Amino acid sequence: MNWPVPDKFSFPAEENELSRILKSKKRNHQKIIDLTISSPYRGGLDFREYLPKIPITEEYFPDPKGESNLLHSILLDYHSHGRSVEPDSIFLTSGTSESISVLIKLFTNPGDEAILLSPGYPLFEELLNWESIRVKKLDMEFQPGIKSFWRINIPSLEKAITSKTKLFFLVQPNNPTGMTLNPDNKREVEMLLEKHGILIVLDEVFSDYNHTNKSYPEEWDVNSIYLNGISKKFGLPGWKLGWFYIKWKEKKDKSVLDRMEHILDTYLNVSYPIQLAGSQLFQFREAIQSRIRNRLQTNLDRLRNELKDESIRPFFPDFGWYIPLKVETGFSTERLAEFLLYHEDIYLYPGEFFGFKEKFFVISLLSNEEDLQSSIVKIKNLFNQKL
Ligand SMILES: Cc1ncc(COP(=O)(O)O)c(C=O)c1O
C-alpha cells in the first residue's frame, strides 16, 4: 500500500541527477571543487581565535524571548547600523528557517497566500508549502546600467494580490543577485502592501557584506519583520542561532508579541549554552567579517580579470556571498551543471535552482581562490567551444 501523500508534496520524491552524481563521486572519494559552499570554514577560512568558549553548564532558564545579554548585543548591533529596535519586539530562534516557520504560523491560516520573488532563495517556498500556504511567485526585472537595480513590476504585483494574501517575502539584499530594490520601486511596493494590509518579511542575512558604496538596507515604512542570524553575520551556520524583530508602523500590538512568545515557548529550540556564548561574538564582528570580506573581494577581483568579453557574463552583486554568471548556451544550465560535475569535478548551482528564467550559473564567492580561478578557466574553455 502506498502511504497517502498530501498535495503539498506534489513534487517528485526522487533526487535529481546533479545530486545523484554528487553522491556517487563522494562515495568514491573523488575530489570535487565545490563552488556552492555557504560556510567560510568550508572555504578554508579559520577564525577560531575569535570564537568564545561555549560554557559546559547545566544552567538553564527557559525563556521564549531568549537570553538577555544576547538580545542586548543584537540590539546594539542594529544600533550601529542606525536602527532603533524595541527590546520587546525581538525574538531568538534556531535560524532563519525557524523564524520564517513561526511567522507563517502566527500570521496565516492554511489556504492563505504569500508572494515570493524570483530569482530567490528556494527554501521559503518549501517552508510555506509545509504550512499549507499557497505561493505566488513574481519575476523580478533587471534594470541594467551603472546604477543597476532589480525591480518589482507593480502591475504584476497588484495582479498577484488577492484577499487571501497575507505575507510578502523579500530577501534584502537578494540571494543570489546581491541586489537591493530601487528606492522609488520600494516606495511603490510599500504603498501597495499598506493598501492591502499585507505584512512584509525581510530576510537581511547578507546585509553586512557590501561590495559597493550602497548603504545598509533601509527599514520599510509599513508593518514589517526583519530576519538575521549568526550563520552569515559571523559565518557560523553550525551554531544555529537566528533572530527577528517586528517594526510597527504605528501602534504596537501587544497580542501579537504575546502569541509569538507562546509559539516559541512550545519549541524553545535555541540551545542555552549557545545563547550564553553568543553575546561575546559581537565584539569580534569586524575581525570576522573583514576576513570573510577579503575572500569575497579577492574572488570578485579574479572574476573581473578572468571574465572579460567572454560568453560568460558575471552580474556583479552589490552585497552578499554569491554571484550569478549569465551564459550563452542552447542547453539547460541544469544539464551543463551535471556535465561539469561528471566530467570536470566542478560543482556549481544551475540558475534554475533559484528560479532564473534566463541561463545562469550561480557560484559562491567564499570558494577557495585557486579552485575558483582554475574552474572558471575550465568553464570558459568549454564555452569557447560553443556549447
Ligand atoms: C537568503 C538566506 N536566508 C537564510 C539562510 C539560512 O540562514 P540560517 O542558517 O539562519 O537558517 C540562507 C542560507 O544560505 C540564505 O541564503
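Residues take numbers from 1 onward in each chain, read along the sequence in its written order. Local features are withheld for residues below a pLDDT of 70 in this predicted model, meaning they are given only at 70 or higher, and side-chain atom pairs are given and counted only at 80 or more; totals for whole chains, interfaces and linings count all residues.

## Some thoughts on the site of the ligand
For each residue, a C-beta position is placed from the backbone atoms; the residue is near a molecule or strand when that point lies within 6 Å of it. With respect to spatial proximity, 13 residues lie near the ligand, and among them Gly 95, Thr 96, Asn 175, Gly 229 and Ser 231 are the closest. Just so you know the grouping, Ala, Val, Leu, Ile, Met, Phe, Trp, Tyr, Cys and Pro go in nonpolar, Asp, Glu, Lys and Arg go in charged, and all remaining residues, Gly too, go in polar. For the shell around the ligand, the class distribution of residues is four nonpolar, eight polar and one charged.

## Topic: unusual backbone geometry
A cis amide bond links Ser 118 with the next residue in sequence, Pro 119, at an omega value of -5°. Topologically, Pro 119 is positioned in the loop between strand 3 (113–118) and helix 4 (123–130). We note that His 29 has phi near 55°; this positive angle belongs to a residue other than glycine. The phi torsion at Leu 268 lies on the positive side, around 45°, for a residue other than glycine. Numbering of helices and strands runs from the N terminus; a helix is a DSSP stretch of H or I covering at least four residues, while a strand is a stretch of E covering at least two.

## Section: the domain arrangement of the chain
Here the chain is partitioned into domain 1 (14–46 + 286–384) and domain 2 (52–284). In this document the domain limits rely on a domain assignment from an automatic tool or a database. Using only C-alpha atoms to locate each centre, domain 1 and domain 2 end up separated by 26 Å. At the junction of the two partners, domain 1 supplies 24 residues and domain 2 supplies 25 residues. Elements that contribute at least two residues to the side of domain 1 that touches domain 2 include exactly helix 10 (285–306) and strand 12 (322–327). Element by element, the count of residues in the side of domain 1 that touches domain 2 is highest for helix 10, at seven residues. Here the side of domain 1 that touches domain 2 is built from residues that sort into 16 nonpolar, five polar and three charged. Here, residues touch in the contact sense if the C-beta positions derived from the backbone fall within 7 Å of one another.

## Focus: the packing of helix 3 (residues 96–107) against helix 8 (residues 254–267)
The axes are straight lines fitted to the C-alpha atoms, using for helices just the contacting stretch, and the angles between their N-to-C directions are given from 0 to 180°. At their nearest, the axes of helix 3 and helix 8 sit 10 Å apart, and the two run at 130° to each other. Between helix 3 and helix 8, the angle is such that the two are oblique. Crossing hand, helix 3 versus helix 8: right-handed. Mapping the contact onto sequence places Val 102, Lys 105 and Leu 106 in helix 3 and Arg 259, Met 260, Ile 263 and Leu 264 in helix 8. Its residues assigned to classes, the contact of helix 3 with helix 8 shows five nonpolar, no polar and two charged. Orientation categories follow fixed angle ranges, with anything under 35 degrees roughly parallel, anything over 145 roughly antiparallel, 65 to 115 roughly perpendicular, and all other angles oblique. Rotating anticlockwise by less than a right angle from the far helix to the near helix defines a left-handed crossing, while the corresponding clockwise rotation defines a right-handed one.

## A word on the sheet that holds strand 10 (residues 242–247)
Two pairing modes exist for strands in a sheet, parallel and antiparallel, and in both the strands are linked by backbone hydrogen bonds. Taken together, seven strands build an open sheet; the order of strands is 2-10-9-8-7-3-4 and the sheet is mixed. With one partner strand each, in any of the chains shown, strand 2 (90–93) and strand 4 (134–139) form the two edges of the open sheet. Across the sheet, the mean angle from the axis of one strand to that of its neighbour is 20°, orientation sign disregarded. Strand pairing is defined by DSSP finding a minimum of two bridges between the two strands. Bridge count for strand 2 against strand 10 is four bridges, and the pairing is antiparallel. What sits directly across from Thr 93, in strand 10, is Gly 242.

## A few points about the pairing of strand 7 (residues 165–171)
To sort residues by exposure, count the other C-beta atoms lying within 10 Å of each residue's C-beta; 20 or more gives buried, 12 or fewer gives exposed, and values between give partly exposed, all with C-beta atoms placed from the backbone. Within strand 7, six of the seven residues are buried, which leaves the element mostly enclosed by the surrounding structure. Here strand 3 pairs with strand 7 via three bridges, running parallel. Looking at strand 7, one finds that Ile 115 is bridged to Phe 168. Where strand 7 lies against strand 8 (residues 199–203), five bridges are found, and the strand directions are parallel. By the bridge assignment, Phe 169 is partnered in strand 8 with Val 201. In this view, the connection linking strand 7 to its parallel neighbour strand 8 by way of helix 6 (residues 183–196) has right-handed handedness. A clockwise course of the path from the first strand over the helix to the second, judged with the strands pointing away from the viewer, identifies a crossover as right-handed.

## Topic: the sheet that holds strand 15 (residues 360–364)
On the basis of which strands lie adjacent, the open sheet formed by four strands has the order 11-12-15-14 and antiparallel pairing. The sheet terminates laterally at strand 11 (312–314) and strand 14 (349–350), the two strands that pair on one side only. Pairing analysis gives five bridges linking strand 12 to strand 15, with the strands arranged antiparallel. Looking at strand 15, one finds that Ile 323 is bridged to Ile 363.

## Thoughts on the nonpolar core
Each nonpolar core consists of buried Ala, Val, Leu, Ile, Met, Phe, Trp, Tyr and Cys residues. Their C-beta atoms, within 7 Å, join them into a set. In this structure, Phe 169, Ile 200, Val 201, Ile 225, Leu 348 and Phe 361 are the most contacted members of the largest nonpolar core, which totals 92 residues. A total of five residues in this core trace back to one element, the largest contributor, which is strand 7. Counting contributing residues per domain, this core is built from domain 1 (14–46 + 286–384) and domain 2 (52–284), each supplying no fewer than three. Discounting residues that sit within four places of it in the chain, Leu 348 has contacts with Leu 35, Thr 36, Ala 337, Leu 340, Phe 361, Val 362 and Ile 363.

## Some details on helix 4
Taken as a whole, helix 4 has its buried residues at Phe 124, Leu 127 and Leu 128. Within helix 4, the buried residues cover an arc of 100° as seen down the axis, which keeps them to one side. In helix 4, the exposed positions that point more than 90 degrees away from the buried face belong to Leu 123 and Trp 130. Tucked inside the fold, the buried residues of helix 4 contact helix 3, strand 3, strand 4 and strand 7. Ser 132, located one to two residues past helix 4, shows a positive phi value of around 60°. Summarising the geometry, the arc corresponds to the directions from the helix axis toward the C-beta atoms.

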